[in-house]
Amino acid sequence: MPYIFDLSKDYVLENECVLLRPLQLDDCEYLRHFSQNQPEIWTYSLQKAAGEDNLKMYLEFAVKARERGTEYPFIVFDKKQQAYAGSTRFYDIQLQHQTLQLGFTWYGKEFQGTGLNKHCKFLLLQFAFEQIGMERVEFRADINNKRSIAAMKSIGCVEEGVLRSHANKVEGGRRDSIILSILKDEWLSTVKENLWEKL
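Residues numbered from 1 in each chain as written. Predicted model: local features only at pLDDT ≥ 70, side-chain atom pairs only at ≥ 80, totals over all residues. Heavy atoms only, no water.

Here the focus is the packing of helix α3 (residues 116-131) against helix α5 (residues 184-198). Packed helices, taken two at a time, are described by the angle their axes make and the gap between the axes. Where α3 contacts α5, the axes come no closer than 11 Å and their chain directions differ by 155 degrees. Taken together, the axes of α3 and α5 lie roughly antiparallel to each other. Viewed along their axes, α3 and α5 form a crossing whose handedness is left-handed. Between α3 and α5, the residues in contact are K118, K121, F122, L125, Q126, F129 and E130 and K184, W187, L188, K192, L195, W196 and K198, respectively. The residue inventory of the contact of α3 with α5, partitioned by class, reads seven nonpolar, one polar and six charged. (Axes fitted to C-alpha atoms, helices over the stretch in contact; angles between N-to-C directions. Helix = DSSP H or I, 4+ residues; strand = E, 2+ residues; numbered from the N terminus. Parallel < 35°, antiparallel > 145°, perpendicular 65-115°, else oblique. Left-handed = near helix turned anticlockwise from the far one by under 90°. Contact = heavy atoms within 4.5 Å. Nonpolar A, V, L, I, M, F, W, Y, C, P; charged D, E, K, R; others polar.)

Direction of pairing for strand β7 (residues 158-168) relative to strand β8 (residues 174-183): antiparallel, over a ladder of seven bridges. Within the sheet, the bridge partner assigned to E159 lies in β8 and is L180. Connecting β7 to the next strand, β8, in antiparallel fashion are five residues, including G172 with a positive phi near 105 degrees. (Pairing = 2+ DSSP bridges.)

Glancing now at helix α2 (residues 52-68). Along its 17 residues, α2 runs 24 Å from first to last C-alpha, staying within 8% of the 24 Å computed at 1.5 Å per residue. Against the buried residues of α2 lie β2 (18-22), α1 (28-37), β3 (72-78), β4 (83-94) and β5 (99-107). (Expected span 1.5 Å × (residues − 1).)

A volume near 1100 Å³ is recorded for the largest pocket. Forming the walls of the largest pocket are 40 residues, and the residues nearest its centre are F104, T105, W106, N145 and S148. Among the secondary structure elements, those contributing two or more residues to the lining of the largest pocket are β5, α3, β6 (136-142) and α4 (146-154). No other element matches β5, which puts seven residues into the lining of the largest pocket. Residue classes in the lining of the largest pocket are distributed as 17 nonpolar, 15 polar and eight charged. (1 Å grid on protein atoms, 1.4 Å probe; cavity = no way out; pocket = protein on both sides within 12 Å on 5 of 7 lines; lining within 4 Å. Points joined across faces, edges and corners; volume = space filled by probe spheres on them.)

Reading across from one edge, β1-β2-β3-β4-β5-β6-β8-β7 is the order of the eight strands in this open sheet, with mixed pairing throughout. Two strands lie at the open edges of the sheet, namely β1 (13-14) and β7, each paired on one side alone. Bridge analysis of β4 against β5 gives six bridges, and the strand direction is antiparallel. The residue bridging G86 from the neighbouring strand is Y107, located in β5.

Taken as a class, soluble globular proteins show a tendency for nonpolar side chains to be buried jointly. Residues F5, L20, F90, L125 and F139 are the most contacted members of the largest nonpolar core, which totals 54 residues. Per-element tally for this core: the top contributor is α3, with nine residues. (Core = buried A, V, L, I, M, F, W, Y, C linked by side-chain atoms within 4.5 Å. Buried < 20%, exposed > 50% of the residue type's maximum accessible area, 1.4 Å probe, protein only.)

On to unusual backbone geometry. Trans peptide bonds make up most of the peptide bonds, and negative phi angles are found at most residues other than glycine. Although it is not a glycine, Q82 adopts a positive phi angle of roughly 55 degrees. Residue placement: Q82 occurs in the loop between β3 and β4. The class of Q82 is exposed, set by a relative accessible area of 57%. Here F104, not a glycine, exhibits a phi torsion of approximately 50 degrees, which is positive. For F104, a relative accessible area of 27% puts it in the partly exposed group.

Note on placement: D78 falls in strand β3. In this structure, D78 is buried with no salt-bridge partner, the nearest side chain bearing the opposite charge being K80 at 7.1 Å. (Lys, Arg positive; Asp, Glu negative; His and termini not counted. Salt bridge = Lys/Arg side-chain N within 4 Å of Asp/Glu carboxyl O.)

It is worth spelling out the environment of R174 at this point. If you trace the backbone, R174 turns up in strand β8. Beyond its immediate chain neighbours, meaning those up to four positions away, R174 contacts S165, H166, A167, N168 and K169. Among the polar contacts listed, one links the side chain of R174 to the backbone oxygen of S165, at a separation of 2.4 Å. In this structure the side chain of R174 is engaged in a polar contact, spanning 2.9 Å, whose partner is the side chain of N168. (Polar contact = N/O pair within 3.5 Å; in protein donor to acceptor, adjacent residues only side chain to side chain.)

The buried count for β8 comes to seven of ten residues, which makes it a mostly enclosed element. Pairing of β6 with β8, which is carried by seven bridges, proceeds in the antiparallel orientation. Paired with R136 across the bridge in β8 is L183.

Okay, here's the thing in structure tokens:
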């Protein structure tokens with residue numbers, strides 16, 4: 001039976017700690033607190049959501065990208081704290097090549113360092129490799145975003161290299177982007193088990 005990733009379908013991924021469901025325009029009310037009070041969350045982001053107007057544009061961009069079939073954004077709900085924690089998404093989805101990128105990931109400060117991210121990544125990677133047939137999941141980050149890079153390496157990502165002067169920063173200047181990835185055979189042979197043990 002062939003793998004199918006129907007971007008019009010509402011996928012819900014969950015375990016005992018976290019629930020991920022499709023991001024919607026009216027989720028602004030759940031994420032407004034972070035946008036208004038924790039603008040530093042998006043320090044290294046190419047797309048900022050600090051401030052309510054920027055948050056609304058962020059949501060609109062994500063929802064429209066899903067409609068175009070290039071991205072699939074999620075909102076993250078922390079079951080332990082019983083609160084919405086942030087957002088993440090699949091993007092640069094290339095079904096013909098069985099690849100996608102996983103990113104645009106951010107969490108409120110009170111959810112950082114709690115283990116939430118590893119639970120999210122486990123569910124997302126399991127979905128990508130085992131349910132929709134991806135062969136490669138790619139990750140990118142600003143070369144200066146040490147926290148994000150460390151988090152990606154801790155889940156089993158392999159560093160591939162750096163794209164120099166890769167993109168314009170919102171605040172001006174250029175950024176170098178580090179490229180990491182996980183391949184399907186790596187996930188099935190070692191990464192899945194190692195990540196599971198860290199949950």
